[in-house]
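So the chains spell out like this:
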Amino acid sequence: SGTYTDLAGDRGYTRLQTNLTYDQRDSLQRLIAGDFFTPVRELSASVPMGGVSFSKYYPMDPFFIQYPTLNLNTTATLPSQVEVRIDGNVMARQQVQPGPIDIVNVTGYQGARNVQVVVRDAFGREQVIQQPFYFTDFALREGLHDYSYNLGFLRDNFGVSSDDYDKPAFSGFHRYGFTDRLTLGLRGEAREGMINAGPIGTVLLPGAGIVGAGVSVSNSEGTTGYAGSLFYSYVAPRFGVNASVRHFGDDYRLLPSGAPSQTRNFASASAAYSPGGLGTISTSYTVTELRGLESLHAWNVGYNMSLFGGRGILTLGYTKNWGLIDDWTGSVVFRYLIDRDYSAVASAVQAGDSKSQSLSLEKTVPVGEGFGFSVGPGRIESPAGTSTLSNAYAQYNGRYATLQGRYQGSSNDRVTRGLAEVSVASGIGYVQDRFFVSRPLTDSFAVVKVGDVPDVPVRANGQLMGTTDERGEVVVSPMLSFYDNFLGFEQRAVPLDYVFTSPRLVVSPAFRSGSFLAFDVKKNRAVFGRLEQVVRQQRVPIEFRELKVTRAGVEIRGFTGKGGEFYIEALDPGEYVLRVEADPACVATIRVTDVALMDFGAVLCAPAGR
């Protein structure tokens with residue numbers, strides 16, 4: 001990846017990242033050679049490097065469960081139905097035979113949940129088992145590893161310079177689930193003249209949340225420094241709390257520069273509460289103590305509520321900063337969903353002495369081909385005066401490119417300037433001997449072929465991706481890496497003289513990969529006739545025999561009916577051999593042309609080899 005810029009006084013190309021990524025999907029391991037960013041951990045930041053990265057990457061299998069799950073055991077004395085419920089919602093249902101019942105890997109939404117197992121026998125009698133459980137993805141399941149090892153050269157001025165690499169460095173961590181409740185590990189960093197390392201861990205408290213902590217010690221030119229972190233999280237169906245603190249000592253050194261952290265102390269706390277049917281209110285407070293600067297405090301409170309049967313969404317927000325920065329912002333936003341695609345939005349925002357209001361009608365931009373927009377008036381009041389705005393935004397996702405346009409008209413340039421902007425973005429891809437131009441390729445993609453039928457709509461995960469071209473092909477982008485993508489074409493758009501085995505298929509692509517996916521759609525070229533053979537110098541029909549039709553190693557099986565009649569369909573143009581394993585075996589040859597239905601009349605089947 002890279003960028004080319006042509007602005008006044010600034011022209012040129014800047015390389016961003018160049019790497020080769022290899023994913024081992026069966027072991028969920030990822031190897032990167034080239035440029036990458038290191039993962040963020042408790043007491044270290046993400047830094048750009050050039051070298052080699054080797055990691056465990058659980059998102060490679062979205063269905064793999066790496067966090068602790070609930071296992072329950074019970075017994076059924078009669079044939080029964082077993083239901084698993086979480087907070088009263090049925091998650092699974094199954095019929096079982098008498099005997100032991102093992103219920104394993106029960107998963108739920110993050111937080112404290114009430115799990116119920118209901119065993120109902122053939123006479124309607126119920127056995128109910130209740131078990132509170134705290135689901136969280138911070139902890140590892142017992143026996144699982146999570147790690148990332150990164151070795152290479154630190155990269156300076158990323159995004160500004162193409163090849164500014166610094167000294168060799170290392171960054172890594174390794175965690176292990178000793179039990180479902182206890183996950184421990186080590187993390188560390190090193191570069192010339194500096195090293196820091198220390199333990200990290202999480203403890204799952206059933207019914208009370210999860211606690212995590214980390215301690216790190218650094219050494220740089222004989223000077224020792226210390227850092228530590230602590231966090232707590234508890235989420236329940238109607239409320240949740242989170243808190244964290246981090247401290248970086250004056251002599252604690254870390255990547256990328258090997259200098260002390262600009263932050264000395266950081267603390268945050270947040271809470272959210274959802275009274276039944278009255279929306280959700282949330283608040284958070286953070287304080288950052290910086291070296292050589294005044295501390296920064298921030299307080300935020302928000303509220304959102306669903307109205308009009310879920311069609312309306314009201315959002316209120318207030319943010320106050322003081323210390324290093326002193327300002328405040330308040331906002332009111334109401335969105336009304338007209339239908340699946342269209343919505344109306346009204347908003348009012350005040351930031352200090354400036355106020356703004358806006359109205360807009362919006363159409364959601366589709367994932368595939370299609371058009372979306374936002375248009376409406378606005379108004380700004382500030383110490384510089386008042387301005388009336390005309391706002392418009394539009395995006396069209398076409399077959400070969402994405403077009404965007406933005407316009408803002410202003411009645412007072414002293415308050416805010418008007419603008420007009422147009423952009424175009426495309427992608428170039430290659431797969432299965434096909435080069436193509438398409439919309440930007442942001443993740444995995446596929447060239448989907450629906451026979452040779454043009455103008456057939458193709459969907460991915462229910463979203464229209466486009467229609468096939470004159471070759472029956474369309475580029476589907478984006479497709480979600482590692483997830484199951486459900487692809488299908490609109491059957492009604494396929495002419496009646498075509499046949500296909502299935503209009504649906506599922507594919508789970510690798511990271512940023514290209515696939516060629518061909519549906520088995522063929523023109524229904526059918527042939528019929530009567531198969532005969534010579535017996536005692538007379539032509540007689542070959543009745544009720546198995547018939548083999550072959551061409552270029554491909555075999556189709558059929559049979560002959562009364563009077564030697566045969567009917568064969570889904571044939572491509574070309575020469576075919578008909579063979580009947582009679583006594584003796586006989587063969588015949590027919591030539592199929594590009595005609596929907598061919599009548600060959602009486603076809604003579606000669607003894608094999610003659």
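Residues numbered from 1 in each chain as written. Predicted model: local features only at pLDDT ≥ 70, side-chain atom pairs only at ≥ 80, totals over all residues. Heavy atoms only, no water.

> Run through the overall build of the chain, naming residues and quoting values.
Counting its secondary structure elements, the chain contains zero helices and 49 strands. For a compact globule of 610 residues, the expected C-alpha radius of gyration is about 25 Å, and the chain comes in at 34 Å, more than 25% above that figure. Reported as C-alpha extents along the three principal axes, the dimensions of the chain are approximately 110 × 75 × 60 Å. As presented, the chain carries roughly 33,200 Å² of accessible surface, and 56% of it is formed by carbon and sulfur atoms. (Helix = DSSP H or I, 4+ residues; strand = E, 2+ residues; numbered from the N terminus. Rg over C-alpha atoms; globule rule 2.2 N^0.38 Å. Areas by Shrake-Rupley, 256 points an atom, 1.4 Å probe, with all protein chains shown as cover.)

> Can you break down the side chain of Asn321 residue by residue, with the values?
Residue placement: Asn321 occurs in strand E22 (residues 312–323). A distance of 2.9 Å separates a polar atom in the side chain of Asn321 from a polar atom in the side chain of Asp327. Excluding its chain neighbours within four sequence positions, the residues that come into contact with Asn321 are His297, Ala298, Asp326 and Asp327. (Polar contact = N/O pair within 3.5 Å; in protein donor to acceptor, adjacent residues only side chain to side chain. Contact = heavy atoms within 4.5 Å.)

> Which residues make up the sheet that holds strand E43 (residues 546–551), and what values go with them?
Pairing is antiparallel in the open sheet, where five strands are placed in the order E44-E43-E46-E47-E49. Edge strands, defined here as strands with exactly one partner in the open sheet, are strand E44 (554–559) and strand E49 (606–607). Note that E43 and strand E46 (residues 574–580) share four bridges and pair antiparallel. Note that in E46 the partner of Val549 across the bridge is Leu578. (Pairing = 2+ DSSP bridges.)

> Residue-level account of the packing of aromatic side chains, with values.
In this description, an aromatic ring pair is defined by two values, namely the gap between the centres and the angle between the planes. Following the criterion strictly, the structure yields 22 aromatic pairs and no others. Feature note: the residues Phe54, Tyr147 and Tyr149 constitute an aromatic cluster, connected by ring pairs. We note Arg30 situated over the ring of Tyr57; from NZ or CZ to the ring centre the distance is 4.1 Å. (Phe/Tyr/Trp six-rings, centres within 6.5 Å; stacked < 30°, edge-to-face > 60°. Lys NZ or Arg CZ within 6 Å of the ring centre and 35° of its normal.)

> Give me the state of the cysteines: which residues, what numbers.
For the coordinates displayed, the defined rule picks out one disulfide. For Cys586, the disulfide goes to Cys605, at an S-S distance of 2.1 Å. Measuring handedness by torsion sign, the sulfur bridge of Cys586 and Cys605 sits at about 100° and is right-handed. Pair noted here: Cys586 is in strand E47 (residues 586–592) and Cys605 is in the loop between strand E48 (597–604) and E49, with a separation of 19 residues, a long-range link. By the burial criterion, Cys586 is buried, and Cys605 matches it. (Disulfide = S-S within 2.5 Å. Buried < 20%, exposed > 50% of the residue type's maximum accessible area, 1.4 Å probe, protein only.)

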